[in-house]
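Inside the fold
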Amino acid sequence: MRSDGRVVDLTGTALPGFDSRRMVSLIEAGPEALAAVRRAASAGEGLQLDTVRLLAPIPEPTRNIYAVGWNYLEHFEEGQAIRGTQAEYPAHPVFFTKGVNTINGPYDPIPYDATVSTAIDWEVELAVIIGKQGRNIQEADAMSHVFGYSVINDTTARDMQIKLHGGQWFKGKSLDKHGPIGPWIVPAADLDPSDLRLTTRVNGVIKQDATTKQMYFKLPRIIAELSRGLTLMPGDIIATGTPLASATPASRPST
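The text that follows walks through the structure, step by step, so that each part is easy to find. (Residues numbered from 1 in each chain as written. Predicted model: local features only at pLDDT ≥ 70, side-chain atom pairs only at ≥ 80, totals over all residues. Heavy atoms only, no water.)

1. A few points about helix H5 (residues 219-226)
Rule in force here: Relative accessibility thresholds used throughout: buried, under 20% of the residue-type maximum; exposed, over 50%; partly exposed, between the two (1.4 Å probe, protein chains only). In this text, helices come from DSSP runs of H or I with a minimum length of four residues, and strands from runs of E with a minimum of two, each type numbered from the N-terminal end. Contacts between residues were defined by any pair of non-hydrogen atoms, one from each residue, lying within 4.5 Å.
Counting buried positions along H5 gives six out of eight residues, so the element sits mostly inside the fold. For H5, the full list of buried residues reads Leu-219, Ile-222, Ile-223, Ala-224, Glu-225 and Leu-226. Taken together, the buried residues of H5 touch strand E3 (65-69), strand E4 (94-98), strand E7 (124-130), strand E8 (146-153) and strand E14 (237-239).

2. Side note on the pattern of salt bridges
The following threshold applies: For this document, the term salt bridge refers to a Lys or Arg side-chain nitrogen within 4 Å of an Asp or Glu carboxyl oxygen.
In this structure the tally under the stated criterion is 12 salt bridges. Its salt-bridge partner being Glu-123, residue Lys-173 comes within 3.4 Å of it at the nearest N-O pair. Within this pair, whereas Lys-173 is found in the loop between helix H4 (158-163) and strand E10 (179-180), its partner Glu-123 is found in the loop between strand E6 (120-121) and E7, the two being separated by 50 residues in sequence. For Asp-209, the salt bridge identified is with Arg-197, shortest N-O distance 2.6 Å.

3. Things to note about the pairing of E7
For the record, the criterion: Only strands joined by at least two bridges in the DSSP assignment are considered to pair.
Of all seven residues in E7, seven are buried; the element is thus mostly enclosed. Here E7 shows two buried faces, one formed by Val-124, Leu-126, Val-128 and Ile-130 and the other by Glu-125, Ala-127 and Ile-129. Where E7 lies against E8, seven bridges are found, and the strand directions are antiparallel. Following the sheet pairing, Glu-125 is matched in E8 by Ile-152. Alignment of E7 against E14, held across three bridges, turns out to be antiparallel. When the sheet's bridge partners are listed, Val-128 is paired in E14 with Ile-238.

Dropping the structure here:
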């Protein structure tokens, strides 16, 4: 995707060291491959954006999507109020995963089946795309392992999350196509993730409006703690938590 509003198809272009049909292959190939893509895109004629259907930038992840719960203080307090509980804020990030089957296009319908869940909810989140393999990554080195950033909707079946399966989160967050992402990945060198605005609209009504500046655990801490004893791989997706809802259904818990 170019700044002039055109999309360049590179699938028929011979580019060194990676399969141009697969985003993860590009990520694995490193900075030189990304530089080659930039050159090829600038030289190509391109298609108008409104003439193409945009899919998820990584349509078939090789591993589950990692996710962080309770990473905005106001959202944590929102959940406490709904549940009627009082607890200390976690000293470490809360991690869970969404299945690879949740990936969906950024503008594609989210399936709804009332026999499965009648409480489908939304959670806008900054998605971090890992670019370099690492285990036991130090906070000081964490950002060098990032390929880029996207946006993901951590869509959740709230009734399933609360009432079924022991209260654990995996199933309620892993229904098919319940993770729209994209439409693109912005390379890390092109974006400062420290103060990005995150907004959710449902039928034109703003439901969430916050910035990543409000994150409790910042990206280096998230990457460092997630990688303790667990190898992160190129193409891994980390959903970094969702902010407070500006209009919260009474049944909505905090995650």
